[in-house]
Amino acid sequence: MRTQLPLAMLFTATLLSALVPTRVAGGNAVVQGQPAPDFALKNLAGDNLRLSEWRGEVVVLSFWAKWCGRCSDQLQQLERLQKQYAGRGVRIVTVNIDSDPGALRDAASHPDLVALHDGDQSVARQYDLSNLPLTVLLDAHGTVRYVHEKYAGGDAALYDEELTALLQE
C-alpha cells in the first residue's frame, strides 16, 4: 500500500506539470532594470513584428489567452489606456498564447492595440510566463521597468501612474 501512494503522487505531479505553465529554471525571466528579450511574432494580417521596432516608445506588453477572464477585462482597460496616450509615445502590444491562431481574432475587437500571436509559447517562455495576464512595462530604451502578474480592476490606474512616470523621464 505504501508504494502505491508515491506512484499516485508522481503521476499527479507529472500530469499537473504538463497542464499548468510553470517557470523554467534558469530561463530568461524578465527582470526589472534589464533589457526585455526581443522577439518577432505575427499579427492578424500575418506580418512579422519585432518588439525592438518600438524602441523610442514606452511599451506595455501584455500576454493573454482567450480562456482567461481577467485577460479580457484587462484588454478593455489597455485599449482605453492606448486611446488616452495616443500620440504621446506609448504602444500597447498584446501577445496571445493560445495554440489556435483563431483566438487572435478576439483581439480584433480592440483595434487600437497591437495584437500578436505566440501559439507555440516560445516568447511566453522567454518571459517566464506563470500567471495570466502577464504585463510588462518597458521604457523607451527597451528596459523592463515594471512587471505585473494577474489583473484586478484597480490595476489600470496603476498602469496609468507608471506610464505617466515613464513618459516624464
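Cut-offs and rules
Counting of residues starts from 1 at the beginning of each chain's written sequence and follows it residue by residue. Only residues with pLDDT of 70 or above have their local features reported here, since the model is predicted, and side-chain atom pairs are shown and tallied only from 80 upward, although totals for entire chains, interfaces and linings are computed over all residues. Side-chain numbers here rest on the full set of heavy atoms in the structure, without hydrogens or water. Starting at the N terminus, helices and strands are each numbered in turn, a helix being any DSSP run of H or I of at least four residues and a strand any DSSP run of E of at least two. One less than the residue count of a helix, multiplied by 1.5 Å, gives the span that helix is expected to have. The classification of residues rests on relative accessible area computed with a 1.4 Å probe and restricted to protein chains. Under 20% of the type maximum is buried, over 50% is exposed, and intermediate values are partly exposed. What the arc describes is the spread of directions from the helix axis to the C-beta atoms. Contacts between residues were defined by any pair of non-hydrogen atoms, one from each residue, lying within 4.5 Å. Following DSSP output, two strands are said to pair if at least two bridges run between them. Crossovers are marked right-handed if the path from the first strand over the helix to the second runs clockwise, as seen with the strands pointing away from the viewer. Lines are fitted to the C-alpha atoms to define the axes, a helix being fitted only along its stretch in contact, and any angle between axes, read from their N-to-C directions, falls within 0 to 180 degrees. Throughout, a disulfide means two cysteine sulfur atoms within 2.5 Å of one another.

Colleague: How should unusual backbone geometry be read in this particular structure?
Modeller: Glycine aside, residues mostly have negative phi, and peptide bonds are mostly found in the trans state. Following Leu132, the chain continues to Pro133 via a peptide bond in cis, the omega torsion being -15°. The residue Pro133 is located in the loop between helix 3 (122-126) and strand 6 (134-138) in this model. Of note in the backbone geometry, Asp128 takes a positive phi value of approximately 55° without being a glycine. Among the secondary structure elements, Asp128 is positioned in the loop between helix 3 and strand 6.

Colleague: Can you help me understand helix 4 (residues 155-167) in this one?
Modeller: Three- or four-residue spacings in an α-helix give side chains the same orientation, since the helix completes a turn every 3.6 residues. Given a rise of 1.5 Å per residue, 13 residues ought to cover 18 Å, and the 18 Å separating the end C-alpha atoms of helix 4 matches this to within 8%. Here helix 4 has its buried residues at Asp155, Ala156, Tyr159, Glu162, Leu163 and Leu166. Angular distribution of buried residues about the axis of helix 4 spans 120°; they occupy a single face of the element. In this fold, the buried residues of helix 4 make contact with strand 3 (58-64), helix 2 (69-84), strand 4 (90-96), strand 6 and strand 7 (144-149).

Colleague: Explain the environment of Val31 to me, please; I cannot follow it from the model alone.
Modeller: Mapped onto the secondary structure, Val31 falls in the loop between helix 1 (4-19) and strand 1 (40-43). Residue Val31 is classed as partly exposed on the basis of its relative accessible area of 45%. In the structure, Val31 is positioned 105 residues away from Val136 in sequence and 9.8 Å away in space, judged by C-alpha atoms.

Colleague: Explain the pairing of strand 4 here, please?
Modeller: Here is the key point about a regular strand: its side chains alternate between the two faces of the sheet. Most of strand 4 is tucked away: six of the seven residues are buried. Where strand 3 lies against strand 4, seven bridges are found, and the strand directions are parallel. Across the sheet, residue Val58 finds its bridge partner in strand 4, namely Val90. With helix 2 bridging strand 3 and the parallel strand 4, this β-α-β connection has right-handed handedness. Sheet topology note: the strand 4/strand 5 (residues 114-117) ladder contains four bridges and is parallel. Bridging from a neighbouring strand, Val93 pairs with Val114 of strand 5.

Colleague: What's the story with the sheet that holds strand 1 in this structure? I'm lost.
Modeller: Strands pair in a sheet through their backbones, by hydrogen bonds, and they do so in one of two ways: parallel or antiparallel. Strand order in the open sheet formed by seven strands is 2-1-5-4-3-6-7, with mixed pairing between adjacent strands. Of all strands in the sheet, those with a lone pairing partner are strand 2 (48-50) and strand 7, marking the two edges. Neighbour-to-neighbour, the strand axes of the sheet open up by a mean angle of 30°, direction not taken into account.

Colleague: Help me out: how do you make sense of the state of the cysteines in this one?
Modeller: Put plainly, two cysteines are in a disulfide when a covalent bond ties their sulfur atoms together. Overall, the coordinates contain one disulfide when judged by the stated rule. Between the sulfur of Cys68 and that of Cys71 lies a disulfide, 2.3 Å long from S to S. Judged by the torsion about the S-S bond (80°), the Cys68/Cys71 disulfide is right-handed. Taking relative accessible area as the criterion, Cys68 reaches 5% and is therefore assigned buried. Given a relative accessible area of 0%, Cys71 falls into the buried group.

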